[in-house]
Amino acid sequence: MVMMLMVGVRQFDEQEVIALALDVFWRKGLHDATMQDLAAATGVQRGSLYNAYGDKESIFLRAFDQYAGQFLETAARALAEGDAAARLRNFLDVIIVNMTAGSPSRGCLTTRTALDAGISSEDVRERVQGLLGRLEQIVSHAIRSAPGKPITTDADRLARVIVTFTRGLAVMERAGYSRKQLRESATAFVDAMAQR
């Protein structure tokens, strides 16, 4: 239970509230999620959410920051082992599993938010751009530091192409492509790069 009652004091597990709020935003998107949705999912009344965090966007930014940290750590681990092609295969598989998890699958939070960013605040756009920029840096570092024959001499440019490809995978997933089909596309993509 999220809410803990003490005499005269209202407390709740902030980590759990933010994790539950993240799930709401992931399923519905920032603009379609309501404070009532957040209250229902977290078990914390709307007034208490407003008092603790401010508005819906403030809750979203906290949830997105938590998600971004975890996602980037997972991506970095996937990119840490093997030659460049193996690192990219591992990374793309993590991306695919992340967006196809759940029933129904939940899609890609970053892409959903990026598509909403045109009507979002500057803070939301900056968070999305920051996550994608950091992801490019992690991919670039993994390409440069991989043992064996390098895939390319310009790791930064290739990293941007790879991150762009992941956004395409997210759109294809929303269009109904299965995890198997997305993995086939990812394998073909990495194979084409490795043959250069």
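Check the entry above for the structure.
Read on for a plain summary of the structure. None of the values given here were measured: they were computed from a predicted structure.

1. Details of the overall build of the protein
Counting its regular elements, the protein contains 9 helices and 2 strands. In the protein, the order of α-helices and β-strands from amino to carboxyl end is β-β-α-α-α-α-α-α-α-α-α. The principal-axis extent of the C-alpha atoms belonging to the protein is close to 65 × 30 × 30 Å. Looking at the protein as a whole, 43% of its 196 residues qualify as buried. As displayed, the protein offers around 10,400 Å² of accessible surface, 52% of which is attributable to carbon and sulfur atoms. The average position of the 24 basic charges and that of the 23 acidic charges among the side chains of the protein differ by 4 Å.

2. Some details on the environment of Tyr67
Inspection of the secondary structure puts Tyr67 in helix H4 (residues 56–78). As a C-alpha pair, Tyr67 and Tyr50 span 17 residues in sequence and 21 Å in three-dimensional space. Not counting residues up to four positions away in its chain, the partners in contact with Tyr67 are Leu22, Trp26, Asn98, Leu109, Thr110 and Leu131. Side chain to side chain, Tyr67 and Asn98 meet in a polar contact 3.4 Å long.

Cut-offs and rules
- Residues numbered from 1 in each chain as written.
- Predicted model: local features only at pLDDT ≥ 70, side-chain atom pairs only at ≥ 80, totals over all residues.
- Heavy atoms only, no water.
- Helix = DSSP H or I, 4+ residues; strand = E, 2+ residues; numbered from the N terminus.
- Buried < 20%, exposed > 50% of the residue type's maximum accessible area, 1.4 Å probe, protein only.
- Areas by Shrake-Rupley, 256 points an atom, 1.4 Å probe, with all protein chains shown as cover.
- Lys, Arg positive; Asp, Glu negative; His and termini not counted.
- Charge placed at Lys NZ, Arg CZ, Asp CG, Glu CD.
- Contact = heavy atoms within 4.5 Å.
- Polar contact = N/O pair within 3.5 Å; in protein donor to acceptor, adjacent residues only side chain to side chain.

Remember, this is a structural readout, not a statement about activity or role.
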